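Residues per chain, in single letters:
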Amino acid sequence: ILSTCICMLCSVLDHKTHEVVPLREEYEGKKAELEKTEAEIQQMIQKRRLKIQEIKESVKMSKDAADRQKAEGVQVLTALMESVERRLKELIKEIEDKQETTEKQAEGVIKDLEQEISELMERSSEVEQLSHSEDHLHLLQSFSSLKAALCTKDWTEVRVRPPSYEETVGRAVETLRKDMKKLFEAELKRVQQYAVDVTLDPDTANPDLILSDDGKQVKYGDVKKKLPDNPERFSQCVCVLGEQSFSSGRFYFEVQVKGKTKWSLGVATESISRKGKIRLSPQNGLWTVCLRNGNKYKACAAPPVRLSLQSGPEKVGVFVDYEEGLVSFYDVDAAALIYSFTGCSFTEKLHPYLNPCNNDDGKNAAPLLITPINLILCEDRLD
């Protein structure tokens, strides 16, 4: 077997003191190392190509989502603008028709007045001529006929009253409100297509809470249960999370809040603090709306936003678009938007969040109930 010194820097005479290795063995070892290095490099190249493909796919998905959002937004707002333009044209036409009717009425009255003025002026001329007549017999003969009353109208109470437009404008606004309701119904119908089946996670429920066997209802209990204080369980806040988690796409669920004087609901991050007091805010991983004192609604933003609702919702819909950073709340029965958190930046899994609050001396004993989705039936176009 051939052997040689592999040191390239020393002189020939120095080789005598060097350890030599078989040339073929060294060659085979280095070749194997190079092949391994080449495989590692190719693997790194492949990983980076896959990462480029992944980023391109992500950009494409983002563009597709943006295109869908633009199309949906254009469709909704175009329908709204068309509705406003249509109702505006109808309002202007109705006002102009009323004004035209008033003008025609006034023209008729003026024509009658001018006719009577003409007759009166003619009578006046006759009277004046007769008063200057020296023909006594003619004066006596004509006096009776001239003195006879003219067939004229009593114009004392005649008025041409300007029309009232308040009712007209009021009807237009009401019609537009109905159009808006149809648009909101269409929007609610759209988000309801992303409905998911939500059940409550008993391992996260505060010991004061009672969950139904099917995981669809939660209410405050009179007796604190003895449950293991696992890391997932809320120790002080009387709330519970949904078992399902979402880290992409869109999802929607509905919660019945009928008969309650206070509650909180929305979505929460998986890493939300489970121990001690929890402040409801996006900074703490919670996007929620709540009711307090029976009629005070607010969005738990930073700072909180007071909500003026015409009537309290009996069922609340929660819609999340993860990539869009959107959390919206709907009054399901009224098909009305309650509030939207926009521009959110989600980086981890989200869970449904429900807090039925305490019993409020029995006034708040009703449960929060996750309900099946009944799609709103509405016309796609506005008549």
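Residues numbered from 1 in each chain as written. Predicted model: local features only at pLDDT ≥ 70, side-chain atom pairs only at ≥ 80, totals over all residues. Heavy atoms only, no water.

The protein is annotated in an unreviewed UniProt entry as B30.2/SPRY domain-containing protein of Oreochromis aureus.

(A) Seen up close, the pairing of strand S9 (residues 296-299). Alternating positions in S9 separate cleanly, Tyr297 and Ala299 being buried on one face and Lys296 and Lys298 remaining unburied on the opposite face. As defined by bridge partners, strand S8 (residues 286-292) adjoins S9 across 4 bridges and the pair is classed as antiparallel. By the bridge assignment for S9, Leu291 is matched with Tyr297. Where S8 hands over to S9, the hairpin turn is made up of 3 residues, of which Asn293 adopts a positive phi near 60°. Note: S9 against strand S10 (residues 305-307), 3 bridges, orientation antiparallel. Within the sheet, the bridge partner assigned to Lys298 lies in S10 and is Arg306. The hairpin formed by S9 and S10 contains 5 residues between the paired strands. (Buried < 20%, exposed > 50% of the residue type's maximum accessible area, 1.4 Å probe, protein only. Helix = DSSP H or I, 4+ residues; strand = E, 2+ residues; numbered from the N terminus. Pairing = 2+ DSSP bridges.)

(B) Representation of the pattern of salt bridges. Applying the stated criterion across every chain, the model contains 10 salt bridges. Between Arg171 and Glu94 there is a salt bridge, and its shortest N-O distance comes to 2.1 Å. Here Arg171 is found in helix H3 (residues 166-192), whereas its partner Glu94 is found in helix H1 (residues 23-131), with 77 residues between them in sequence. For Arg171, a relative accessible area of 36% puts it in the partly exposed group. The residue Asp229 makes a salt bridge to Lys275 at a minimum N-O spacing of 2.6 Å. Remark: Lys275 occurs in the loop between strand S7 (263-269) and S8 and Asp229 occurs in the loop between strand S4 (217-220) and strand S5 (240-241); sequence separation between them is 46 residues. Residue class for Asp229 comes out exposed when judged on its relative accessible area of 59%. (Salt bridge = Lys/Arg side-chain N within 4 Å of Asp/Glu carboxyl O.)

(C) Layout of the side chain of Lys262. Within the fold, Lys262 resides in the loop between strand S6 (250-256) and S7. For the buried Lys262, no salt bridge exists, and the shortest N-O distance to an oppositely charged side chain is 4.6 Å, to Asp360. Within the local environment of Lys262, its side chain forms a polar contact with the side chain of Asn358, the two groups lying 2.9 Å apart. With residues near it in sequence (within four places) discarded, Lys262 still touches Leu291, Arg292, Pro356, Cys357, Asn358, Asp360 and Asn364. (Lys, Arg positive; Asp, Glu negative; His and termini not counted. Polar contact = N/O pair within 3.5 Å; in protein donor to acceptor, adjacent residues only side chain to side chain. Contact = heavy atoms within 4.5 Å.)

(D) Representation of the sheet that holds strand S14 (residues 350-355) within the structure. Read across the open sheet, the 6 strands follow the order S5-S14-S7-S8-S9-S10; overall the sheet is antiparallel. Each edge of the open sheet is held by one strand with a lone partner, namely S5 and S10. Summarising the sheet, S7 and S14 pair through 6 bridges and their orientation is antiparallel. Opposite Val267, over in S14, you have Pro352 as the bridge partner.

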